Amino acid sequence: MLVDVAGSRTFSMASPDCHVCHALRFTCGLRVFIPSSWRGSGWSPKLTDRNPWLQVDLQGRMEVTAVATQGRYGTLDWVSSYMLLHSDSGRVWKQYRQEDGVGKFTGNSDADSVVHHKLPQPVRTRFLRFVPLDWSSNGWVGLRVDVYGCAYKSYLADFDGRSSLLYRFNQKSMSTVKDVIVLRFKSRQADGVLLHGEGQRGDYITLELHRGRLALHLNLDDTRVRSSSARAVVTLGSLLDDQHWHSVLIERFNKQVNFTLDRYTQHFRTKGDGDSLEVDYELSFGGIPLPGKPGTFLRRNFHGCMENLYYNGVNVIDLAKRRKPQIYSGNVTFSCSEPQLVAATFLSSSGSFLSLAAPPPSAVEGLSVRFQFRTWNGDSLLFSGQLRPVSQHLWLFILTPLVTLKYPSIGQKVNDGLWHSVSLSTRGLQISMTLDSEPASTIQLLENLELDKSLFFGGCPRTLDEGNCKNPTMAFQGCMRFILINNQPINILLVQRGLLGNYNQLQFDICGIRDRCLPNFCEHGGRCSQTWSSFYCDCSGTGYSGATCHNSIYENSCEGYRLAGSSSGYFSIDPDGSGPMGPVQVYCNMTENKVWTVVNYNGTNPVRVQGSSVESPYIMHFNYSASPEQLHALVVGSDQCQQEVMYRCRKSRLYNPWDGTPLSWWRDRGGEKRTYWSGSLPGVQQCSCSLEENCLDMSYFCNCDSDQDTWLNDTGLLSYRDHLPVSEIIIGDTHRPGSEAIYSVGPLRCHGYKSLWNAVSFYQEFSYIHFPAPQVELSADISFYFKTGAPSGVFLENLGLRDFIKVELSSQSAVTFSFDVGDGPVLLTVKSPVPLNDRQWHWVRVERNVKEASVQVDQLPLRFLEAPSDGHIRLQLTSQLFVGGMASRQRGFLGCIRALSVNGVSLDLEEKAKLTPGVSPGCPGHCGKSAELCHNQGRCIEQSSGYVCDCTHSAFGGPSCKEEVSVSFEKGSSVTYTFQEPFSFIRNSSSQASSMSTGYSKAVENVAFSFQTTQAPAMLLIISTFTPAFHLGSLQLWYQLHKERRPDVFSPRPLSLADGRLHQVRIHREAKDIYLQARNDVLEDDVALAGTKGFVGCFSSVQYNHVAPLKAALLNRGSSLVSVRGQLVESNCGALADLTTSNSHSGEAGKDNEHNGSNSQHESAVIGGVVTAVVFSTLCVVAAMVRFLHRHQQAQRASSLQEKEHQRRLEAAYHAELHLRNSAFHVQDSIKEYYI
């Protein structure tokens, strides 16, 4: 049977006999073919068909496992891509999506080849609809199809919202340690109970829909008293009231539960003491009946259909259908009624609309409009109509997140993805609106107004010839159904056929809403929000940033903070970067040549121990400020670690002198028993005095083993990394008279970050090293340093069957990041104004996630590209990761690579190089360890007979960029520095760049300086691209990210800074987040105007991004970029202030300060999300930062706020003039002034 509807076709066929399907589900096929007698070669729609499709009726529900397509025989007609829809009734359709959520199927490239698609998840349906999306450019749409699958048998039950099934047990109660519950359902409502059972002792199980999500409540506790702590609630899915089938599987064994909905599984473990589920009398399906009151239910009943319902192997619906006595079926029918509601999807937020003729005016009845809608979007038009006799409009629109009727505004949150019902009615001088079950809101008019001509749903036409309709906001993007005008339902299918009204960019018979936050692709606890076409991650408070909260805002070591120019203090470090472990707070001691990372635990004070024995020992467990995983990452990534154990004793031995049995010992981080007390080699039961051969009694290996009635000392330093830190200490020989011990364990101290200088040299073009394929399906960030003299070469490559990822030096001044995730190859290239093959170190970072891809080289502008909203998301790589070349041994890299990291995991290049020909560990040259040569962002440059430190982009000077540049300001003195700042990102020049954001949301700014003064108030710093406004306060941070808006002010607690001491300030801004670190300072409220006083005191080490304006003022006084007013005197106030501070605290110095941290408390403040209303479309760097001082206050506290600076600032990568006037970036520069 062929049915012709406006050029579309429905093909009906009788199914052949079908045998039992095997695992691949291909043994029996339902082959659908188009007879050659019909148009000679296949299906092709009419040229006038606006939305062509080919529909297949299988004459009954079948399990479809695969489809295949072919073009029209002997023509140039074929379909190159299509959507596949399915439906049980032919009225309510759902788009089939593959595992990546991709809804587009690849079709044919000619008329004869056959393209097969096996469905990852078989679909059970009666109707299939093939909707062409793209077709032959030289012909027209042409299609022949094959459908593969098997017959499907099901046991159906229909619940009308007032019915339920009761499965009664043979005994009073049923106690099980193992349960398996299987069912499929489709629901018409967002709420309703599917299953419930409970016992008298407090056990219960409930499976219910709540706001379109499926929730499993499970309690195995044996008392109601503890039920609140023992219950488990797990939620899966979303938008489950879509009137389509969903599969549920619940498997429980004791406390372990597997909860599966469709293709997603949640594994969890129940709480409480019980292992069995005890249910009394019965299980109910479809509702929770009230005992003794038939037809009365405790919660909202399920309204929809269930099929193939099994409880521990029992087919419940089959028993009910056969009227078995253990089943009570109240008002349940054994078929599935199909609703007649037809939905329409409004696809575009700019062009979708549905236009219907307004009914004739009626003075008695007025006008009433009612419809249902669901959407994720805010700020969109729902309904509008022109009023007469005056030329005005009636608008009903969503104003985030409310639905609003204008005239005037009333509303309630509606952009939550759920169905909402809204009705609008006019009668006389009143307009009323009702939303869901809320009370009606009424508006009183001054005169009678009637709707004229057309009614518009979802938006207005772009042309003005239809009722002069205009969109006050975006058009509606979502679903609508059940449209009634004057209580008469509108047949949307007539609109589709062109018999009623008009429309644009609508999809009929389907609601295409998706929950893009399920699964949640926001990492590290980021909060997901969404619109119709995309999702967004709120990373505030997580310690991570980026489109998916993937990138840590903290350095991964104290070495990173030192390279960024920081001094000693408490910092948060993230040892695995973007990996799963979070940040940990440590103390970074940078006063020595080595940078020490100090991790404290719960108390380092000496502890006295008495009365312990081997049989009943004293045990102390140490809780560190880091987790075991973080400690392991920190220790493994360090060059050396150590921990001091102080043990003083009096008649308390460490070892039994007769057989050497340990009487006291400690446990390492893995919980293993350790019996040595000093040194770097484990297994030797000795103390430090034995290793140093200075024990009081040389016949013993420890001083304490001499068992003297006097205080002895066996303090030692543990330095074997694999055993550190000490997790527990056990003391067992203080039970004898006069026996006692005093011990203390110091903090864990580590230095060095060996991954930063883990380097390898490639000197043969065909050589490479390889690693196992990393886990980069959803997120991949790769960073490394390189230096080379070659014009091109591949840094790394990883391949899959179709997908790949590759980073290469494509020319002597360009780095290219290319990948294919299934939507075709994508190339992102960063071009440098200077050659990159200059045999100097350059930094590269590439990232690809489900939202975007980016590449950055040194401090060059970031280049990024947004991912398509409906494209593939999983990067499927199967081969090894090749570094230094390709698997084909072509275009290999010649040079050095170091610090290679993938998703926060550092790869050991040197170890691999030892086993590979053509590759050697390390990298020759003086700058191989530039961190030890050039400081404070100074750049090490190789010379023929040595090296030189380039301090151009550092606020410091001298041969090693360690000498501070300080200037004393007198009254009326100031420095103004004007510079050109390139934008922080550049558009991709490829065709894929059309979807890229044009805003300035990825702007990054870093400011650092030190000052010393006794004057208050005083102007410190202004950075502005607008006309500066001089605001005054006692050390405040002002920032204005749009010149049309008022500036925001950040004011933490007040303390005086006009104390003559040196104060260090660091400010970091990334997009709309501000991070502040201040040493010996805090901030206060705004104070009245006082900018005329300027600043009197000393400035030191002033840095703004890669520019050092204060140094430029001293060294380039004739430059047109520098303007000096008043008297400036070069000074060394920074060094003098350090000396003064050191002398004043000489009595407090020592290791205990870094261990306890009591004299240096630090606090963090992060401004996140406070400027979310600011429009980041301005194309210039915009940040007005004003700092002021207030009057002296009595109290004083040393305080610092944690900083965040990205690793991209660790090394400057290219030479540029301070003003960057002649830079080769193809972007519009923004002139900016720097005023001190």
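Criteria and cut-off values
Residues numbered from 1 in each chain as written. Predicted model: local features only at pLDDT ≥ 70, side-chain atom pairs only at ≥ 80, totals over all residues. Heavy atoms only, no water. Pairing = 2+ DSSP bridges. Helix = DSSP H or I, 4+ residues; strand = E, 2+ residues; numbered from the N terminus. Axes fitted to C-alpha atoms, helices over the stretch in contact; angles between N-to-C directions. Buried < 20%, exposed > 50% of the residue type's maximum accessible area, 1.4 Å probe, protein only. Contact = heavy atoms within 4.5 Å. Disulfide = S-S within 2.5 Å. pLDDT = per-residue confidence, 0-100. Arc of directions from axis to C-beta. Phe/Tyr/Trp six-rings, centres within 6.5 Å; stacked < 30°, edge-to-face > 60°. Lys NZ or Arg CZ within 6 Å of the ring centre and 35° of its normal.

Looking at this structure, I do not really get the sheet that holds strand β13 (residues 192–198). What am I missing?
Within a beta sheet, neighbouring strands are joined by backbone hydrogen bonds and run either parallel or antiparallel to one another. Pairing in this open sheet of seven strands is antiparallel, and the strands run β16-β15-β14-β13-β20-β11-β25 from one edge to the other. Both outer strands of the open sheet, β16 (232–236) and β25 (327–330), are each paired with one neighbouring strand and no more. Strand-to-strand, the axes of this sheet are offset by a mean angle of 20°, without reference to chain direction. Sheet topology note: the β13/strand β14 (residues 204–210) ladder contains six bridges and is antiparallel. Bridge assignment links Val193 to a residue of β14, and that residue is Glu208.

Help me understand the environment of Phe130 in this model?
For Phe130, the location among the structural elements is in strand β8 (residues 115–135). Its relative accessible area of 0% is what places Phe130 among the buried residues. Along the primary structure Phe130 and Thr69 are separated by 61 residues, whereas in three dimensions their C-alpha atoms are 9.7 Å apart. The residues touching Phe130, leaving out its near neighbours within four places in the chain, are Trp53, Leu54, Val56, Val67, Thr69, Tyr82, Met83, Leu84, Leu143, Val145 and Val147.

How should I be thinking about the state of the cysteines in this particular structure?
One covalent bond between the sulfur atoms of two cysteine residues makes up a disulfide. All chains considered together, the criterion is met by 12 disulfides. One disulfide bridge connects Cys479 with Cys511, the sulfur atoms lying 2.0 Å from each other. Handedness here is read from the sign of the S-S torsion; for Cys479 and Cys511, about 95°, the answer is right-handed. Remark: Cys511 occurs in the loop between β40 (506–508) and β41 (527–530) and Cys479 occurs in strand β37 (residues 478–485); sequence separation between them is 32 residues. Given a relative accessible area of 24%, Cys511 falls into the partly exposed group.

What is the right way to read the confidence of the model for the chain from this model?
Detailed conclusions should not be drawn from predicted coordinates in areas where pLDDT is low. Per-residue confidence for the chain averages 78 on the pLDDT scale, and 75% of its residues sit at or above 70. Note that pLDDT drops below 50 for residues 12–39; the model gives that stretch 64 contacts with residues more than four away or on any other chain. For residues 1138–1236, every residue scores under 50 in pLDDT, and the model assigns this stretch 342 contacts once sequence neighbours within four places are set aside.

What am I meant to see in helix α5 (residues 628–636) here?
Helical periodicity: at 3.6 residues per turn, an α-helix aligns residues three or four positions apart in one direction. Along α5, the residues classified as buried are Gln630, Leu631, Leu634 and Val635. Down the axis of α5, the buried set is contained in an arc of 130°. They therefore lie on one face. The inward-facing, buried residues of α5 contact β45 (569–573), β46 (584–589), β47 (596–599), β50 (640–650) and β57 (748–751).

Is there a simple way to think about the packing of aromatic side chains in this case?
Between two aromatic rings, the relevant description is the distance of the centres plus the angle of the planes. Tallying each qualifying case throughout the model produces 30 aromatic pairs. Considering the side-chain rings of Phe159 and Phe302, the 5.9 Å spacing of their centres and the 65° angle between planes classify their relative orientation as edge-to-face. Of the two residues, Phe159 sits in strand β10 (residues 156–160) while Phe302 sits in the loop between β22 (293–297) and β23 (303–311), which places them 143 residues apart along the sequence. Residues Phe159 and Phe302 agree in their burial class; the two are buried. A ring pair is formed by Phe346 and Phe476, whose centres lie 5.6 Å apart and whose planes are at 70°; its orientation type is edge-to-face. Of the two residues, Phe346 sits in strand β26 (residues 344–346) while Phe476 sits in the loop between β36 (474–475) and β37, which places them 130 residues apart along the sequence. Each member of the pair, Phe346 as well as Phe476, carries the same accessibility label: buried. One aromatic cluster in this structure is built from Phe346, Phe371, Phe373, Phe383, Phe457 and Phe476. The ring of Phe535 is capped by Lys851, whose NZ or CZ atom sits 5.1 Å from the centre of that ring. Lying over the aromatic face of Phe771, Lys912 brings its terminal NZ or CZ to 5.5 Å of the ring centre.

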